[in-house]
2 protein chains.
Amino acid sequence: MLTLSIERLTKQAFAPFGEVVETDGLTPLSINQGYARRFNDLARIDVAAEGGQINISWFVASVRPAPIAIRLMERHPLGSQMFMPLNGADWLVVVCTDPLAPSSYRAFAATGHQGVNYARNCWHHPLLALKDASPFLVVDRKADDGNLEEHWLDETMQLDLNRIPLS
Amino acid sequence: MLTLSIERLTKQAFAPFGEVVETDGLTPLSINQGYARRFNDLARIDVAAEGGQINISWFVASVRPAPIAIRLMERHPLGSQMFMPLNGADWLVVVCTDPLAPSSYRAFAATGHQGVNYARNCWHHPLLALKDASPFLVVDRKADDGNLEEHWLDETMQLDLNRIPLS
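Residues numbered from 1 in each chain as written. Chains lettered and ligands numbered in written order. Predicted model: local features only at pLDDT ≥ 70, side-chain atom pairs only at ≥ 80, totals over all residues. Heavy atoms only, no water.

A short note on the interface of chain A and chain B
Test applied: The contact criterion used is simple: two residues touch if any of their non-hydrogen atoms lie within 4.5 Å. In this description, buried area is defined as the sum, over both parts, of the accessible area (probe of 1.4 Å) that is lost when the two are combined. Any Lys or Arg side-chain nitrogen found within 4 Å of a carboxyl oxygen on Asp or Glu counts as a salt bridge. Under this definition, polar contacts are N or O atom pairs within 3.5 Å; protein pairs additionally need one hydrogen-donor-capable and one acceptor-capable atom, and for neighbouring residues in sequence, both atoms have to be side-chain atoms. A run of H or I in DSSP becomes a helix once it reaches four residues, and a run of E becomes a strand once it reaches two; helices and strands are each numbered from the N terminus. When residue character is reported, Ala, Val, Leu, Ile, Met, Phe, Trp, Tyr, Cys and Pro are called nonpolar, Asp, Glu, Lys and Arg charged, and the others, Gly included, polar. Two strands pair under a simple rule: DSSP has to find at least two bridges between them.
Opposite the 43 residues of chain A that make contact, chain B presents 42 residues. When chain A packs against chain B, the two sides together hide about 3600 Å² of surface, and 58% of this comes from carbon and sulfur. It is Tyr35(A), Ile56(A) and Trp58(A) in chain A that bury the most area against chain B; as a group they hold 22% of the surface buried on that side. Linking chain A with chain B are 4 salt bridges. Of the charged contacts in the structure, one is a salt bridge between Lys142(A) and Asp41(B), with a shortest N-O distance of 2.9 Å. The interface formed by chain A and chain B contains 21 residue pairs in polar contact (both at pLDDT 80 or more). By residue number, the principal contributor to the side of chain A that touches chain B is strand E6 (residues 53-61) of chain A, which donates 8 residues. Within the side of chain A that touches chain B, the residues separate by chemical class into 26 nonpolar, 10 polar and 7 charged. Pairing of strand E5 (residues 36-39) of chain A with strand E6 (residues 53-61) of chain B involves 4 bridges; the strand directions are antiparallel. By the bridge assignment for E6(B), Arg38(A) is matched with Phe59(B).

Brief notes about the relation of the copies chain A and chain B
We apply this condition: The least-squares superposition of copies is restricted to C-alpha atoms, and to residues with a pLDDT of at least 70 in both copies.
Superposition record for chain A on chain B: RMSD 0.0 Å, screw rotation 180 degrees, translation along axis 0.0 Å. A rotation of that kind, with that shift, is consistent with a two-fold axis. Of every C-alpha in chain A, the one belonging to Leu86(A) sits nearest the axis of rotation, 2.4 Å from it. A symmetric contact is evident, with 98% of the interface residues of chain A recurring at the interface of chain B.

Considerations on the state of the cysteines
As a reminder, the rule being used: In plain terms, two cysteine sulfur atoms within 2.5 Å form what is called a disulfide here.
Under the definition given, this model contains 0 disulfides over all chains. Left unpaired, Cys96(A) is separated from the closest cysteine sulfur, that of Cys122(A), by 7.7 Å.

A short note on the packing of aromatic side chains
What describes a pair of aromatic rings is the distance from one ring centre to the other and the angle between the planes of the rings. Residue and element names in this part refer to chain B. For clarity, the cut-off: Think of it this way: a Phe, Tyr or Trp ring, Trp meaning its six-membered ring, pairs with another when their centres are within 6.5 Å, and the plane angle makes it stacked under 30 degrees, edge-to-face over 60, tilted otherwise. Type-normalised accessible area, obtained with a 1.4 Å probe on protein chains alone, sets the label of each residue: buried when under 20%, exposed when over 50%, and partly exposed for intermediate values.
In the structure shown here, the tally under the stated rule is 14 aromatic pairs over all chains. Ring plane angle 45 degrees and centroid distance 5.7 Å describe the contact between Phe 14 and Phe 17, whose orientation is recorded as tilted. By relative accessible area, which is 3% here, Phe 17 ends up buried. Relative to Phe 83, the ring of Phe 59 has its centre 5.5 Å away and its plane inclined at 80 degrees; by these criteria the two rings are edge-to-face. Of the two residues, Phe 59 is situated in strand E6 and Phe 83 in strand E8 (residues 81-85); the sequence distance between them amounts to 24 residues. Taking relative accessible area as the criterion, Phe 59 reaches 3% and is therefore assigned buried. On the accessibility criterion, Phe 83 (4% relative accessible area) is buried.

Such coordinate-based values are descriptive only and should not be taken to indicate function.
In C-alpha cells, the structure reads:
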C-alpha cells in the first residue's frame, strides 16, 4: 500500500491547489482606532458559477481510525471550498492534481491557525481532523445542482502519521 | 453617563440586526461517510451590491480599557459583515437601530462559539474582544467605493462589565 508522507503546509507548496488562509508573513492594516489589525483578502471565493451563492456553514469532524486510509477524493466543479478551524487544533489536508496518478497526491499538516481554500476543481480528500469533534467554518457554494464529483481509488493509500511536521 | 447592560446573545434577540452564526438548536446533515456533521447556510452574505465581491480577512482584536466606552458606531451601506472567533474566546457585540436614540442600543455577550453577521446597514460598534489578541475570521465586501458610515456619539455610553451573561 502506498504511504503518503506529510509535508508542512505553506502558501507556496499549496499554491497549485488554492490558498492557505493564514496571517504569517503578511502585514496588517491598523483599524478600529488602533484596537484591531486587519489582514485582508486571504482567499479567492469562487462560487458564483451558474447562479451559485455563498454558503456559510459549520462542519464538526471526527478523527478517522489510524492509519488514515485514503480511499476517496472529491472535487467541486462549480465552486471553491474554504475550511477554517475554529478550535485551534491541527488537521490534515490531502490533495492531488490527477486522482488516477498516485504520484500527484500530496498530504499537508495544517496548524490550527491555518485554513485552506480549495480552488474550484481541486481534488481533495474530505475533512481530516486530528482531534475529535473539531469545528470548522466553511465557505462554499450554495445551489441544488451537481457540484460534486467523487473518485474512489482502485488502491487505497495511507498517511504516515508518525511524522507530522507541525511547528 | 448611560450604562448599557449586557444581554445573552440569542438568534431571536439578534434577528433585527443580522444572524448569530452558531450550531445550537440546529440539526446537522451527516456527511463524509459519517465522519463529519454539516450545519448549513448559517448567514446571509450580502456583498454583491454595486459590483462588490466577497472579502475573506482576519482581524486580531485588542481588549479596550475598562469600563469599555461606546463612542463610535459604524455601518456598511453596501454589504453585510460577518465575524467568527477563531480562539473560542467570548466577546461583546453592540448594535443599535438609530445611533441618535440611546434607547435603541443593545449590548450582547457572545460566547467563543458564536459568530455574528451584521446585516447590511446595521449600526454596530467596532470589534470588542474580551481577551487580548483575539483572532476573528471576517467575511465582508471587497471594493474601493464608500462602504462605511461612522457616527460619533454626542454623549459616550459605557458597558456594564460586571454582569456578562455567558453560559
